[in-house]
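Descriptive structure summary
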Amino acid sequence: MTHLDPALRRPGTAHASRRLALPTLIALLSAVVLATRGPAAVENEAADDMLTATSERMIAYVLTPEHGPRFRLPGGPELVRVSAHLVLPSGQTYVPTRRYAFGIEATLRAPDGEVLWRRHLSDRTDQTKAGYSEGGWIYEAAFAADHRYELSDSAGLELSLPSCPPSSTLELRLSEETGILGSDGNKIAVPFNNPSALVRVHRRVDLGLAGESLRRSTTQAALGKARLAASTFLPWHALREAHRAHAEAEAWERMPAEGRAGVDYRGESIYVAAGPPPAPPPPEPPALAIAPGQAAVVHLLGPGTATVRTRGTATVSTDMPQEIAVRTRWLGPFPAGPDPAPPAPPVSLMSIPITDAWQEQAVPLTAGWTAIELSTAVGAADVQVVASDGARHPTAEEIGPEAARESTFAALRLPAETERSGCANARLTYRAACTLTAPPPPPSALIPVDLRTLPLYRIGPDVAPLSFNLTGPKDIYTRTLRFDVRSFGVVAPVRLGLEFLDARGHVILVEELLAEPTGLSLFERVRPPSSFFAESAGGGDEDDAQVPSLLPALGLALAERPVSEPVSLRLLAPPEAVRLQLTGGSLALLDVRTVLPPPADEVGGSPWVWPYDQVVVDDERWRYAPRRRDRWFPLRAEDHALRRAAGQVMPLQAQIRREYEPPRPTTEGPWITAHPRGGAQRLDILELVPPGRRDEAIANWGAGDVSVLRPNVVEKIDLRRGFARPTRMRYHAIGAGVRALGQDIFLRINDVDDDWLITARAESRRIARPKGGLVSLLWNSEPEPVRILVNRPTLSGAPIYTARQIYRLADNSLTVDVPKRAGVVEALHVVVYWLEGPPTTATSLRVAIDGGAPKRHSARGVNVSQAELSVALIPDSGAELLRTDRDTPVRAQRTTFTIRLGDDLSPGRHSVTFSRDSGAPVWLRLFREAPKSHGAATDLEPGHDD
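Residues numbered from 1 in each chain as written. Predicted model: local features only at pLDDT ≥ 70, side-chain atom pairs only at ≥ 80, totals over all residues. Heavy atoms only, no water.

Right, let's talk about the overall build of the protein chain for a bit. Scanning the protein chain for helices and strands turns up 9 helices and 56 strands. Every one of the 946 residues in the protein chain was classed for burial, and the buried ones make up 46%. Excluding contacts between residues fewer than 6 apart, the proportion of contacts in the protein chain whose partners are at least 24 apart in sequence is 83%. Looking at the protein chain as shown, the accessible area adds up to about 46,800 Å², and 54% of this sits on carbon and sulfur atoms. (Helix = DSSP H or I, 4+ residues; strand = E, 2+ residues; numbered from the N terminus. Buried < 20%, exposed > 50% of the residue type's maximum accessible area, 1.4 Å probe, protein only. Contact = heavy atoms within 4.5 Å. Areas by Shrake-Rupley, 256 points an atom, 1.4 Å probe, with all protein chains shown as cover.)

Averaged over the protein chain, the pLDDT score is 75; the fraction of residues at 70 or greater is 73%. Confidence, expressed as mean pLDDT per element, reaches its minimum in the protein chain at helix H6 (residues 402-408) with 30 and its maximum at strand E11 (residues 169-174) with 94. Below a pLDDT of 50 lies the segment residues 1-47, which in the model reaches 9 contacts outside its immediate sequence neighbourhood of four places, other chains included. pLDDT under 50 marks residues 663-668. Its contacts with residues more than four places away, or in other chains, come to 11 contacts. (pLDDT = per-residue confidence, 0-100.)

Turning our eyes to something else, we now look at the pairing of strand E38 (residues 682-688). As judged from the 7 bridges shared by E38 and strand E48 (residues 800-809), these two strands associate in the antiparallel manner. Among the inter-strand pairings, Glu687 is bridged to a residue of E48, identified as Thr802. Relative to strand E53 (residues 877-883), E38 runs antiparallel, the two sharing 3 bridges. Following the sheet pairing, Leu686 is matched in E53 by Leu882. (Pairing = 2+ DSSP bridges.)

Once that is clear, we can look at the side chain of Ser168. Counting through the fold element by element, Ser168 comes out in the loop between strand E10 (155-161) and E11. A polar contact is formed between the side chain of Ser168 and the backbone oxygen of Pro165, at a distance of 2.7 Å. Once you skip the residues sitting within four places of it in the chain, Ser168 turns out to touch Phe71, Arg72, Leu73, Leu108, Arg109, Ala110, Pro111 and Leu116. (Polar contact = N/O pair within 3.5 Å; in protein donor to acceptor, adjacent residues only side chain to side chain.)

Moving on, we come to the sheet that holds strand E26 (residues 494-501). Sheet strands pair by backbone hydrogen bonding; their relative direction is either parallel or antiparallel. If you trace the 4 strands from one edge of the open sheet to the other, you get E24-E31-E26-E27, paired in antiparallel fashion. Of all the strands in the sheet, the pair left with one neighbour each is strand E24 (466-469) and strand E27 (507-515). Shown here is a sheet whose adjacent strand axes are inclined to one another by a mean of 20°, direction ignored. Where E26 lies against strand E31 (residues 579-584), 6 bridges are found, and the strand directions are antiparallel. Across the sheet, Leu501 pairs through a bridge with Arg579, a residue of E31. (Axes fitted to C-alpha atoms, helices over the stretch in contact; angles between N-to-C directions.)

Residue position: Ile767 is located in the loop between strand E45 (762-766) and strand E46 (774-781). On the accessibility criterion, Ile767 (9% relative accessible area) is buried. Taking the C-alpha atoms as reference points, Ile767 and Leu719, separated by 48 residues in sequence, lie 9.5 Å from one another. Once residues lying within four places of it in the same chain are set aside, the contact partners of Ile767 are Thr727, Met729, Val775 and Leu777.

Another point: unusual backbone geometry. A cis amide bond links Gly302 with the next residue in sequence, Pro303, at an omega value of 10°. If you trace the backbone, Pro303 turns up in strand E18 (residues 296-314). Note that the residue after Trp610, namely Pro611, is joined by a cis bond; omega there is 0°. Along the chain, Pro611 turns up in the loop between strand E32 (588-595) and strand E33 (620-623). Of note, the phi angle at Asn194 is positive, near 50°, even though the residue is not glycine.

Bringing the side chain of Asp450 into the picture now. Summarising the element assignment, Asp450 is placed in the loop between H6 and strand E23 (451-459). With no salt bridge to any partner, buried Asp450 finds its closest opposite charge in Arg657, at an N-O distance of 11 Å. Among the polar contacts made by the side chain of Asp450, one reaches the side chain of His393 at a distance of 3.0 Å. (Lys, Arg positive; Asp, Glu negative; His and termini not counted. Salt bridge = Lys/Arg side-chain N within 4 Å of Asp/Glu carboxyl O.)

What follows covers the packing of aromatic side chains. Aromatic ring pairs are defined here through the distance separating the ring centres and the angle between the ring planes. According to the stated counting rule, one finds 9 aromatic pairs in the structure shown. Judged by centre distance (5.0 Å) and plane angle (75°), the ring pair of Tyr612 and Trp622 falls under edge-to-face. Placement of the pair is Tyr612 in the loop between E32 and E33 and Trp622 in strand E33, with a sequence separation of 10 residues. Across the pair, Trp622 and Tyr612 agree in class, each one buried. Measuring from centroid to centroid gives 4.9 Å for Tyr731 and Trp756, while their planes differ by 80°, and the two rings are edge-to-face. Note that Tyr731 is positioned in strand E41 (residues 728-733) and Trp756 in strand E44 (residues 756-757), a separation of 25 residues in sequence. You can call Trp756 buried: its relative accessible area is 6%. Among the aromatic residues, ring-to-ring pairing joins Phe334, Trp369, Tyr612 and Trp622 into one connected group. Between Arg561 and the ring centre of Phe488, over which it is positioned, the NZ or CZ distance is 4.8 Å. (Phe/Tyr/Trp six-rings, centres within 6.5 Å; stacked < 30°, edge-to-face > 60°. Lys NZ or Arg CZ within 6 Å of the ring centre and 35° of its normal.)

This part is about the environment of Leu778. For Leu778, the position within the fold is in strand E46. On a C-alpha basis, the gap between Leu778 and Val752 in space is 9.9 Å, while along the polypeptide they are 26 residues apart. Residues in contact with Leu778, not counting those within four places in the same chain, are Asn712, Val713, Val714, Phe746, Leu747 and Arg748.

So, in structure tokens, the structure goes:
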């Protein structure tokens, strides 16, 4: 063994060897590790470096159906944006066209925990990746920090929070209905088990006049050390320049979750791409499909400008010009005021040629409502109506009460945009490219089409008979049926076969009705049932998903087959019928409806809901607009679910529009009561003026109008009003009036007691006008009932009644004389009352002019009068009456109709005779218009029926 001579050892040799050994060992180990990893791992790391270099790290909150973050609000209204990423199931193959659906439950709570506001939001999203190689994806729109799970693209949802107290909180939860959409793009085909998502929340803030930006509110100095430490978001200095510019331009402040990390919320680190890779331009906003026989109408509010954009989709070889006809009509001011509507601007007509490229035409709009009708005679085109310069479509927020907004008008739902942007001063959706120079108009500027969707039954020789259940109250309303028939495909007569069955299943009546359509409808389209029911409320199989709904739409597809205008037929079912079976002789669409009983109280004002009640034009009326109370409601077949599954329930999309209605004969009023000849039984009544017509009655106060004073209530009367007649007070002893003789009515007029001794069944006295013109009345009477009437309206809201004279029509006949002027159509209005309660059968009246042989003019008249006609009547409204022989008010049923003496009748006096053919006895009130006078108030409430 050889030993090294110690004398040869130099000082420090051992320590030097130790210093060299450690780096050498580390280098050798690193080489071994790199050799064992292989090229794939190195490429993966390089790909990750590339991804993280082009993406921004964010902290997002975990959201599940049971747990989620809560955010503290400063108070007041807020606009909040929620950016959500779905956590996708692991192990699935990436499919670029796959779409995902999810929903978020947002709850706004007061500081004490009370729920102030709650909404369910739903949206769609996908997953965007590009540039796959062996090392992985070169581009991903969003991914987890360590690729533990897959993430979807960012889906942006905006919340308009109502005003709330300071320190209120916003809570978020994920809906259970989360998963992969099916091929139809509407229903979830593969639901997720235990779904979860990652969300980021921002709130809109206003930039100061000095150009203050989010940087002030996101630096440590402004927020304070504690708040910045509690915030899970990156500080301002850690953001990339592109994100800073985007945040400053958008003015969105990040909202930190409240509570303890890991206990009240859980955060995850994710990467979101700063900008998407170059991609094809996004699909153009939806357009209206126009073709011959398929028109569209949109409604706008001016003033402003509407731009009509057209692009041809189909052309034909013809010499006729291929163009879009644009017809604008001014409908009236918005909102409608008490003053008369100004003269309407003239209807304008213009045309736009149909070419392969987009053509534009600007349409100036005046203040108020304007309808733009779009049609073509040759060819087909896509059409967009874009609003600018202040023009817009009415929104639900203008109506006021939140409940009314949700029940009457469906606001246009716009596709949400994500937060990501790769270009300066640009907001891009997840598939938009940064190189777009002339983007299409945003969806918010497009004017939608207001639609009413009605499910109709398909009938025909190859369709099983429809069966409807008629059970219910045994009154005339349950048995009143209306059949709206539309021929399908062609204009052709449709024959309906009806069989009424009793409770034992025996046929008790067979009827046959014939509907003869006159033409195809321009503004009604039949859609495939599958797409309609998928877009219904909820899109499920519940009954609520099939209720007719309002659907403002931007995209209006062409109908597969044309449909005719509806023909309405009415029939009264037998009292013992409990079932109706119906067949069709040819292919058609059918809607069966029955009528509701008249309302307990009449409602004044417009019958339409907002915003359609904001237009008052005498010769125009809405069609298919929703009503405040629709008297007719649809009947559902007993096997409705099976017919829907078989495709026999066809959804009809009818465009809500204003249509021209020929004006009724001009009223030169006031009204003149017509008294029958002979000894007809007469009854004097007081008819209650509905609260909705109270102001109208006061403005047109007449000789028969009175206020019925309430006992033990201080009633105030303003005698300074310029009524032509002296102020008089009158009492009526009710019932057996002789029992009230000799008793006192205790009166206090302007704090002065003045008893009134009853000496007759009825008596009047004049009220002197005191100094100042104001009178206060307080009265009571014991023990017999008495009514006190004053021929003035009260300031305290006493009910107003109008005096009427009605005549009984039973086994007798009533004849009234009507003077006829030359060349004028005379109208005799008839109000029919049922005083003995609602009738069980229709009342049939026969009307004859001059005994059936009227004296006609030698020249041919435009309006020809029927010498004899029969009228079948059922009540359609109710009225509260006061009778002198009754102690309590009487609830009467009533209806109205009009007899017109046309210009074919010779001038002079004509007789009109009424007789009852069948049904319950009725009472008639007859009146006509007085010539050459002004200031009339309408006495007839014309019905609205579509």
